[in-house]
Amino acid sequence: MVICSQTFPLSLFLIGTLIIFVSFKWFSQSKTKKNTPPSPPTLPIIGNFHQLGSSPRRALRDLSQKYGPLMLLHLGSVPTLIASSAEVAQEIMKTHDLAFSDRPSLSIPDILFYKSKDIAFSRYGEYWRQLKSIVVLHLLSNSRVKSYSKVRKEETSRVIDALGDSPGSSVDMSALLGIYTSNVLCRVAFGRTYEGLGFTNKLKKFVNMLGTFCVGSFIPWLSWIDRLTGLKGKAYEIFNELDRFLEGVIKEHLHKKTGEADDQGEETQDFVDILADIQRENATGFSLSDDTLKAVIMDVFVAGSDTVFSSLEWAISELIKHPRVMKKLQEEVTKVAQGKPMIPEEDLDEMKYLKSVVKEALRLHAPLPLLLAREARQAVNLMGYDVPPKTQVVINAWAIARDPASWEEPEDFKPERFLNSTVDYKGIHYEFLPFGAGRRGCPGLYFGITLIEVILANIVYKYDLTLPNGVKSEDLDMTEADGITVQRKFPLLVVSSPRV
Ligand code: HEM
């Protein structure tokens, strides 16, 4: 009895404490829930993965029409914000840019880029900041980009000659553009091309691996699956192959240096030369290791080649599909060129319509339609919602560039929309973000745009382009392939006939 009378109030106390605890938990959970952006329902383990389909940018746009321009998805166990309007993009990339300037840690890029020692996949911090400023100032500055105009001119001439080699028959324009992009990047980065050593094939394998889905990045407790399927082993194999190749390139540069020490003019320096100088002189106060040097060189190829290639492929496809636009562009370039055998880069600034055509192609076909994922470095209050640290952020630049709230007749290819408009791709107009924006924005914008404009102007200046086998221009197949960068599913075949 004594025991009972003592236990009763104790039980009451315990039950009461439990009720308070459960209510508090329920209340705090429902409060957190109230503050998170709208989310589609999830499945156990995979979260919302099943809703992404084969074209995530389209699936996400469709979901955003139901759940709003700021949604919270769960990709496996990774909470992921999806931004689908210019306003939300601006909040993330301008108002809260610093808080959202990290990159998520991903297993495959970690293997391929020397433990993410590159710029694109490196975590935000002093290392990334110093490296990015070296690349912006020493490799991709306007003056440095200008210093490679001879390389672009020679590679452009090569394409122009190849188009003239087989008049009247079908030519694989995609293949020619691929060679152009990779030759320019090779010559700028390494000082020469490496076709004999199969560099392009190695790079292709590298990029394909980068785009491979890795279970462990999204469901960490299932990461053993990546070992079981051999994915990680394959990634290491590809990494080692490219590492050996890059070691050879660096050795070759060291030999060249001792042989031609006094002949190395500023203009002839390639990216490996420049980075090796910075490494040796340690002038920037940043100790640049061999792994960092190789990781940066790989960034240049991965970030620069497919993006430029696909922009060109789509721009020419759209021009063929829209003969009115092609004619207007040809009139402009012909007028500015004034009979010169080839259009020099100095003339590009006068070609307002050319610039509008490039912008419009990038609007409809952003090579990286979801940019590169970011991650929150801290808790953020975003448009009234609570975003915890480590939340991943995806900007659907593709959907934003086709949002009827920002664009009239958004699905139509109409370069005129840019003619009398100040909207450009430099990262201050959030309705148009092919190069991203903010701290993590693309440092290769000027390099990429120059590479695109000069060859595009010359191709349309020298040739009329039609489709083989009597296919009408409006019937050109525009199907997109799946991949990190959006490319044509089928190569672009053309018949070229000389104009001048
Ligand atoms: C048409 C050509 C190109 C397009 C459309 C493009 C687009 C992009 C995009 C969307 C990003 C991510 C931006 C973000 O997260 O906000 C990016 C990052 C990057 N791009 Fe480009 N890019 C192009 C050409 C190049 C070239 C030619 C290079 C180098 C030679 C380059 C180097 C990089 C690097 C290093 C980053 C990572 C920046 C960082 O994380 O801080 N890109 N690019």
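Starting from 1, residues in each chain are numbered consecutively following that chain's sequence as written. In keeping with the predicted nature of the model, local features appear solely for residues at pLDDT of at least 70, side-chain atom pairs appear and are counted solely at 80 or more, and the whole-chain, interface and lining totals rest on all residues. Heavy atoms from the whole structure form the basis of all side-chain values; hydrogens and water molecules are not counted.

1. Notes on the overall build of the chain
Then step 1. Helices and strands together make up the secondary structure of the chain, namely 18 helices and nine strands.
Then step 2. The principal-axis extent of the C-alpha atoms belonging to the chain is close to 110 × 55 × 40 Å.
Then step 3. To sort residues, take the accessible area from a 1.4 Å probe on protein chains only and compare it with the maximum for the residue type: under 20% means buried, over 50% means exposed, and anything in between is partly exposed. Relative to its 500 residues, the chain shows a buried fraction of 52%.
Then step 4. Once local pairs closer than 6 in sequence are excluded, the contacts in the chain between residues at least 24 apart make up 74%.
Then step 5. In this description, accessible areas are obtained by the Shrake-Rupley approach with a 1.4 Å probe, and a residue is regarded as covered only by the protein chains that are shown. Carbon and sulfur atoms provide 59% of the accessible area of the chain, an area that totals close to 23,600 Å².
Then step 6. Placing the 59 positive and 60 negative side-chain charges of the chain at their respective mean positions leaves the two points 5 Å apart. Segments assigned H or I by DSSP are reported as helices when at least four residues long, segments assigned E as strands when at least two residues long, and all are numbered from the N terminus. Contact criterion: two residues are considered in contact whenever any of their non-hydrogen atoms come within 4.5 Å of each other. Counting rule applied: Lys, Arg positive; Asp, Glu negative; His and chain ends not counted. Working definition for charges: the position is that of NZ of Lys, CZ of Arg, CG of Asp or CD of Glu.

2. Side note on the sheet that holds strand β9 (residues 493-498)
Then step 1. Here a strand pair is declared whenever DSSP counts at least two bridges between the two strands. The sheet built from three strands is open, its strands ordered β3-β9-β8 with antiparallel pairing. Looking along the sheet, the strands with just one partner apiece sit at the ends: β3 (170-172) and β8 (463-466). Along the sheet, successive strands turn relative to each other by an average axial angle of 45°, direction set aside.
Then step 2. Taken together, the three bridges between β3 and β9 define a ladder with antiparallel strand orientation. Pairing of Ser170 across the sheet is with Val495, part of β9. Each axis is a line fitted through C-alpha atoms, and for a helix only the stretch in contact is used; angles between axes span 0 to 180 degrees, taken between their N-to-C directions.

3. A closer look at the confidence of the model for the chain
Then step 1. On a scale of 0 to 100, pLDDT captures the predictor's confidence in every residue. In this model, the chain carries an average pLDDT of 91, and 90% of its residues clear a pLDDT of 70 or more.
Then step 2. A low-confidence stretch, residues 1-32 (pLDDT under 50), is modelled with zero contacts involving residues beyond four sequence positions or located in other chains.
Then step 3. Considering only residues more than four positions removed or in separate chains, one finds that residues 259-266, a stretch of pLDDT under 50, has five contacts.

4. What about the pairing of strand β2 (residues 78-83)?
Then step 1. In terms of burial, β2 is largely enclosed, as five of its six residues are buried.
Then step 2. As paired elements, strand β1 (residues 70-75) and β2 share six bridges and run antiparallel to each other. In the strand pairing of β2, Leu75 is matched with Val78.
Then step 3. The loop that links β1 with its antiparallel partner β2 comprises two residues; one of these, Gly76, has a positive phi angle of about 65°.

5. A closer look at the pattern of salt bridges
Then step 1. A pair is scored as a salt bridge if a Lys or Arg side-chain nitrogen falls within 4 Å of a carboxyl oxygen belonging to Asp or Glu. Enumeration according to the criterion identifies 32 salt bridges in this entry.
Then step 2. Ionic pairing is found between Asp102 and Arg123, a salt bridge with its closest N-O pair at 3.1 Å. Of the two residues, Asp102 is situated in the loop between α3 (86-95) and α4 (107-112) and Arg123 in the loop between α4 and α5 (126-139); the sequence distance between them amounts to 21 residues.
Then step 3. Given a relative accessible area of 8%, Asp102 falls into the buried group.

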